[in-house]
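What follows is each chain in one-letter form.
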Amino acid sequence: MRRLTDSARRAMDVLARENAVLPAECERIAAREIEKTLSEFFVLSGGISFRAERNGKIVITVTAEAEGVKPFGVIGG
């Protein structure tokens, strides 16, 4: 039974990779760059969640939690 479960899991992984919008390495790089950009503006309390799905167009979902906004200088005057 375990072999069947392992085979099913591997098959699901292959299908997920085949249907993925981005290769896994590209997705990791995109997530890292987005996290770096967000951390310039916010004090992040953990990592981010990044997902790209194709529903006709590519839908990109990013979720992050922050402790606060980083202080910025006063704009205008």
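Up top is the structure.
Peer 1: Tell me about the overall build of the chain, residues and numbers included.
Peer 2: A tally of regular secondary structure across the chain gives two helices and four strands. Going from the N terminus to the C terminus, the chain shows its helices and strands as α-α-β-β-β-β. In the chain, which comprises 77 residues, the share counted as buried stands at 5%. At a minimum sequence separation of 6, the contacts of the chain that also span at least 24 residues come to 37%. Put simply, the chain shows about 6600 Å² of open surface, and 57% of that area lies on carbon and sulfur atoms.

Peer 1: I'd like a description of the pairing of strand 2 (residues 49-55), backed by residues and values.
Peer 2: One ladder, built from seven bridges, connects strand 2 with strand 3 (residues 57-63); its direction is antiparallel. Bridge pairing links Arg 54 to Ile 58 in strand 3.

Peer 1: A description of a nonpolar patch on the surface should follow, citing residues and the corresponding values.
Peer 2: A surface patch of nonpolar side chains, amounting to about 400 Å² of accessible area, comprises Phe 41, Phe 42, Val 69 and Phe 72. Along the chain, Phe 72 falls in the segment after strand 4 (66-69). Its relative accessible area of 52% is what places Phe 72 among the exposed residues.

Peer 1: Pulling in residues and values, what's your account of the pattern of salt bridges?
Peer 2: Enumeration according to the criterion identifies three salt bridges in this entry. We note a salt bridge from Glu 33 to Lys 36, for which the minimum N-O separation is 3.6 Å. One end of the pair, Glu 33, and the other, Lys 36, are both in helix 2 (residues 24-41), three residues apart, so they sit about a helical turn from each other. With a relative accessible area of 36%, Glu 33 lands in the partly exposed category. For Glu 53, the salt bridge goes to Arg 51, with nearest N and O atoms at 3.5 Å. On the accessibility criterion, Glu 53 (33% relative accessible area) is partly exposed.

Peer 1: Tell me about the environment of Pro 71, and please be specific about residues and values.
Peer 2: Of note, Pro 71 is situated in the segment after strand 4. Pro 71 sits in the exposed class, given a relative accessible area of 80%. The spatial distance from the C-alpha of Pro 71 to the C-alpha of Val 43 is 9.9 Å, given a sequence separation of 28 residues.

Rules behind the numbers
- Residues numbered from 1 in each chain as written.
- Predicted model: local features only at pLDDT ≥ 70, side-chain atom pairs only at ≥ 80, totals over all residues.
- Heavy atoms only, no water.
- Helix = DSSP H or I, 4+ residues; strand = E, 2+ residues; numbered from the N terminus.
- Buried < 20%, exposed > 50% of the residue type's maximum accessible area, 1.4 Å probe, protein only.
- Contact = heavy atoms within 4.5 Å.
- Areas by Shrake-Rupley, 256 points an atom, 1.4 Å probe, with all protein chains shown as cover.
- Pairing = 2+ DSSP bridges.
- Patch = residues over 30% accessible without salt bridge, like charges linked within 9 Å, V, L, I, M, F, W, Y side chains within 5 Å.
- Salt bridge = Lys/Arg side-chain N within 4 Å of Asp/Glu carboxyl O.

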